[in-house]
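What the coordinates show
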Amino acid sequence: MRWTILVAVALCAAVLPASVAMPDLFSDNMVLQRDRPCRVWGWATPGERIKVSVAGQSHQVTTPEDGAWSIWLDPVEGSTGFELIVEGGNRLAFRNVAFGDVWVCSGQSNMRWP
C-alpha cells in the first residue's frame, strides 16, 4: 500500500507545472526606468520557458541550470497604465506599471518627505 501511494505522489509531482517567482521589488504600481533598457528577472525551474510582455513588446528566455532567468526590455517612453505579464509554469500580472524616472536617494536624518 505504501509503495502505491509513493508512486502516485511521484507521478503527480512529475506532471505539476513549475512556478515562476520574482523578487518583491516587482509589484503593482511600480515604476520602471523610461527611455533605457530595463532588466526583469526572477527564478524558475531549469529549462522552463519564460515569456515577459509589456508595452507592446514580448521577450522569451529559457531558464538556465541555476534557475535564475533575466530578460532586458526595450526602452519605453515615459507613460503609465501598463500591465507587465510574466508567464512560465504560472502567470504573474503586475498592474498599473509606469515608465518614468526612477530615483534612489540616501542621506542623513535631514532628508524627509514633506
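See the structure printed just above.
Reading the values: rules and limits
- Residues numbered from 1 in each chain as written.
- Predicted model: local features only at pLDDT ≥ 70, side-chain atom pairs only at ≥ 80, totals over all residues.
- Heavy atoms only, no water.
- Phe/Tyr/Trp six-rings, centres within 6.5 Å; stacked < 30°, edge-to-face > 60°.
- Helix = DSSP H or I, 4+ residues; strand = E, 2+ residues; numbered from the N terminus.
- Pairing = 2+ DSSP bridges.
- Buried < 20%, exposed > 50% of the residue type's maximum accessible area, 1.4 Å probe, protein only.
- Core = buried A, V, L, I, M, F, W, Y, C linked by side-chain atoms within 4.5 Å.
- Salt bridge = Lys/Arg side-chain N within 4 Å of Asp/Glu carboxyl O.
- Patch = residues over 30% accessible without salt bridge, like charges linked within 9 Å, V, L, I, M, F, W, Y side chains within 5 Å.
- Areas by Shrake-Rupley, 256 points an atom, 1.4 Å probe, with all protein chains shown as cover.
- 1 Å grid on protein atoms, 1.4 Å probe; cavity = no way out; pocket = protein on both sides within 12 Å on 5 of 7 lines; lining within 4 Å.
- Points joined across faces, edges and corners; volume = space filled by probe spheres on them.
- Nonpolar A, V, L, I, M, F, W, Y, C, P; charged D, E, K, R; others polar.

With that settled, the discussion passes to the packing of aromatic side chains. Counted by the stated rule, this structure contains 3 aromatic pairs. A centroid spacing of 5.6 Å and a plane angle of 80° characterise the contact between Phe82 and Phe99, whose relative ring orientation is edge-to-face. Placement of Phe82 in strand β6 (residues 79-87) and of Phe99 in strand β7 (residues 91-100) is noted, with a sequence separation of 17 residues between them. Members of the aromatic cluster, joined through ring pairs, are Phe26, Trp41 and Phe94.

Turning next to the pairing of β7. As paired strands, strand β1 (residues 31-33) and β7 are joined by 3 bridges and run parallel to one another. Looking at β7, one finds that Leu32 is bridged to Phe99. As judged from the 6 bridges shared by β6 and β7, these two strands associate in the antiparallel manner. The partner of Ser79 across the bridge, within β7, is Phe99.

Let's shift gears to the environment of Trp41. Locating Trp41 in the fold gives a position in strand β2 (residues 38-43). A relative accessible area of 23% means that Trp41 is categorised as partly exposed. Along the sequence, Trp41 and Ala68 sit 27 residues apart, while their C-alpha atoms lie 7.4 Å from each other.

Formed by 20 residues in total, the largest nonpolar core has its most connected members in Val52, Trp69, Leu84, Val86 and Phe94. When residues of this core are traced back to their parent elements, those giving at least two are β2, β3 (49-54), β5 (68-73), β6 and β7.

With that settled, consider the pattern of salt bridges. Scanning all chains against the criterion turns up 4 salt bridges. The partner of Arg34 in a salt bridge is Asp35, and the shortest N-O contact between them spans 2.5 Å. For Arg34, a relative accessible area of 29% puts it in the partly exposed group. Each of Arg34, Asp35 and Asp101 takes part in one network of salt bridges that share partners.

There is a patch of nonpolar side chains on the surface, built from Val31, Val102 and Val104 and spanning about 280 Å² of accessible area. Mapped onto the fold, Val104 is located in the segment after β7.

The next thing to look at is the layout of surface pockets. Where empty space is left can be seen by rolling a probe of water-molecule size over the atoms. Taken as a whole, the largest pocket spans an internal volume of roughly 180 Å³. Taken together, Leu25, Phe26, Met30, Val31, Leu32, Gln33, Cys38, Arg39, Trp41 and Val102 form the lining of the largest pocket. Where the lining of the largest pocket is concerned, the elements lending two or more residues are β1 and β2. Of the residues assigned to the lining of the largest pocket, the class counts are 8 nonpolar, 1 polar and 1 charged.

Fair warning: the whole summary comes from geometry, so function is off the table for now.
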